[in-house]
Amino acid sequence: MRHKARGSVREGSTRVLLCCGVLTMIDSAPLRVGIAGLGTVGASVIRLLERQAQALKGRAGRPIVVAGVCAREKGKDRGVMLDSLAWFDDPVELAKSGEIDLFVELIGGDEGPARAAVETALSHSKSVVTANKALLAKHGLALARLAEAHHVALAFEASVAGGIPIVKTLREGLAGNQIERVYGILNGTCNYILSNMETARRPFADCLAEAQKLGYAEADPTFDIGGFDTAHKLAILASLAFGTQVDPAAISIEGIEQITLADLEAADELGYRIKLLGVAQRTASGVEQRVHPTMVAKSSAIAQVMGVVNAVTIDADAVHELTLVGPGAGGGATASAVVADIADIAKGIRSAPFGLPSDMLTPAPRAPMQMHEGGYYIRLTVADRPGVMAAIATQMGKREISLESIVQRSRPGKKAAGVATVILLTYATTEHTVREALAAIQADGIVSETPQVIRIERE
Ligand code: HSE
């Protein structure tokens, strides 16, 4: 078999290796990198490439040099020296420049300059490294097709779970497994908020403001707290794990905006923690993909993950269970993943972006949430009078929902107002049955607030 180096090979820059009977042409000229987007991550990538230059040269078999950069403001102090680098005002110009072999996109956004520049780079047969989960979730399939058509790499380790090498783990490390479920904490901002609310008993808004100040949150934090950022990352993981076409429309999404201190306290007393999880699971009716606040047993590995840390658990047939834990956001961690992709491309590694050639990826129809099976936490605010608990139990019993526990709490302020809190934990049932029972309880006229429902995920 003969592998031909393509695209950016410059004259006199190739070595021919005969290894195990395989003739391989390795490019030994420096890999010239263009970086678009010089925010926290972009500046960290430049610093990491500088700091690790010698080690990377050894590992990749060739030097890696930053040849051109692009950002909105040229004069801004980013704590890195840019004087010797070619400056581009327009990322599309950088993407097609003859000065670079590889384009790194750190601009963000699923359209506009990020999409235009990535498409331009791939069309000009330049490999692309990106941390842009929103772009991949929306256009990943089309971009993978473009990369394949031009025989270049599209690499995106940094797009999911920051510094955790989860893309490589799913695509290469677990290639011999059938994956049953992949789930995890994929948004550092939400985990930071929920952890701080729980441990410091601080309100949601304060914890969000802190996460923004620390630079974890997206430019529009609705992406974090509304579950959309987790959904983008889950869409990528599901494609890698199940060979489906990346498709965020297949995901049922709920954010953490409605989670209150009362829920976190109740979870704590019941032996649970609340985490925003992204879950993709093989079921009889297809791959179920969902993002929602989730109760996890305090004893589980995922419950130990606090702060901006991310964790991904994979259930697979040969390896059984594997959990990877690490920093999910921040300049250094994300740059680590970007640089790993750059090093792979410098070595000449070019995998199918989503693990399978794009024409083998199958559509991922949305599995209806109503068919989801699992345990539920339900918090009801009810009239504090005789017969209420019996009425709730009756509606649950009628639908054969088995209760693990039912507790009534009367707090001084609430008691005076004539209301009490009832917390139920159910054994496994379906979403449809739970919603039907809650509608019947509401119709009985005993509930004074919209019920809070949180799904329970078992290890
Ligand atoms: N806003 C994201 C997070 C950044 O909080 O996880 C990393 O993707």
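Rules used throughout
- Residues numbered from 1 in each chain as written.
- Predicted model: local features only at pLDDT ≥ 70, side-chain atom pairs only at ≥ 80, totals over all residues.
- Heavy atoms only, no water.
- Helix = DSSP H or I, 4+ residues; strand = E, 2+ residues; numbered from the N terminus.
- Buried < 20%, exposed > 50% of the residue type's maximum accessible area, 1.4 Å probe, protein only.
- Contact = heavy atoms within 4.5 Å.
- Areas by Shrake-Rupley, 256 points an atom, 1.4 Å probe, with all protein chains shown as cover.
- Lys, Arg positive; Asp, Glu negative; His and termini not counted.
- Charge placed at Lys NZ, Arg CZ, Asp CG, Glu CD.
- Near = heavy atom within 4 Å.
- Nonpolar A, V, L, I, M, F, W, Y, C, P; charged D, E, K, R; others polar.
- Pairing = 2+ DSSP bridges.
- Axes fitted to C-alpha atoms, helices over the stretch in contact; angles between N-to-C directions.
- Parallel < 35°, antiparallel > 145°, perpendicular 65-115°, else oblique.
- Left-handed = near helix turned anticlockwise from the far one by under 90°.
- Polar contact = N/O pair within 3.5 Å; in protein donor to acceptor, adjacent residues only side chain to side chain.
- Salt bridge = Lys/Arg side-chain N within 4 Å of Asp/Glu carboxyl O.

Asker: Tell me about the overall build of the protein, and name the residues and values.
Answerer: Each helix and strand counted, the protein has 15 helices and 20 strands in total. In terms of its C-alpha atoms, the protein occupies a principal-axis envelope of roughly 90 × 50 × 35 Å. Out of the 459 residues in the protein, the part that is buried amounts to 53%. The contacts in the protein between residues at least 6 apart in sequence include a share of 72% that link residues at least 24 apart. Per element, the accessible surface of the protein, about 19,200 Å² overall, is 53% carbon and sulfur. The average position of the 47 basic charges and that of the 50 acidic charges among the side chains of the protein differ by 3 Å.

Asker: Kindly report on the site of the ligand, identifying the contributing residues and their values.
Answerer: What surrounds the ligand is the set Lys 133, Asn 187, Gly 188, Thr 189, Tyr 216, Ala 217, Glu 218, Asp 224, Asp 229, Lys 233, Gly 328 and Ala 329. Its residues assigned to classes, the shell around the ligand shows 3 nonpolar, 4 polar and 5 charged.

Asker: Describe the pairing of strand S12 (residues 272–283), with residues and values.
Answerer: Counting buried residues in S12 gives 9 out of 12 residues, a clear majority hidden from the surface. With 4 bridges connecting them, strand S10 (residues 179–185) and S12 associate as antiparallel partners. Across the sheet, the residue bridging to Val 182 is Ala 280, located in S12. Sheet analysis places S12 next to strand S13 (residues 286–297), joined by 12 bridges and oriented antiparallel. Following the sheet pairing, Lys 275 is matched in S13 by Thr 294. Connecting S12 to the next strand, S13, in antiparallel fashion are 2 residues.

Asker: Break down the packing of helix H2 (residues 53–60) against helix H12 (residues 331–347) for me, with residues and values.
Answerer: Geometrically, a packed helix pair is captured by the angle between its two axes and the distance between the axes. Axis separation between H2 and H12 bottoms out at 9 Å; the angle between their running directions is 40°. Compared by their axis directions, H2 and H12 come out oblique. Crossing hand, H2 versus H12: right-handed. Of the residues in H12, those touching H2 at Leu 56, Arg 59 and Ala 60 are Val 339, Ala 343, Ala 346 and Lys 347.

Asker: So, the environment of Asp 229: which residues are in play, and what are the values?
Answerer: Mapped onto the secondary structure, Asp 229 falls in helix H10 (residues 228–242). A relative accessible area of 2% means that Asp 229 is categorised as buried. Put simply, Asp 229 and Val 160 are 69 residues apart on the chain and 9.5 Å apart in space, counted from C-alpha to C-alpha. With residues near it in sequence (within four places) discarded, Asp 229 still touches Lys 133, Leu 186, Asn 187, Glu 218, Phe 223 and Asp 224. A polar contact of 2.8 Å, which involves the side chain of Asp 229, links it to the side chain of Asn 187. Within the structure, the side chain of Asp 229 is placed 2.6 Å from the side chain of Lys 233, a separation counted as a polar contact.

Asker: Go over the pattern of salt bridges with me, naming the residues and quoting the values.
Answerer: Two side chains of opposite charge can pair, provided their charged atoms sit close to one another. Within this structure, the stated rule accounts for 30 salt bridges. Measuring nitrogen to oxygen at the nearest pair gives 2.8 Å for the salt bridge that ties Glu 111 to Arg 115. Residue class for Glu 111 comes out partly exposed when judged on its relative accessible area of 30%. For Asp 268, the salt bridge is made with Lys 298, and the minimal N-O distance between the two is 2.5 Å. Taken as a pair, Asp 268 in helix H11 (residues 261–270) and Lys 298 in the loop between S13 and strand S14 (309–316) lie far apart in primary sequence, 30 residues in all. You can call Asp 268 partly exposed: its relative accessible area is 27%. For Lys 298, a relative accessible area of 30% translates into the label partly exposed. Within this structure, Asp 110, Glu 111, Arg 115, Glu 119 and Lys 138 form a network of salt bridges that share partners.

Bear in mind that shape data such as this cannot, by itself, settle questions of function.
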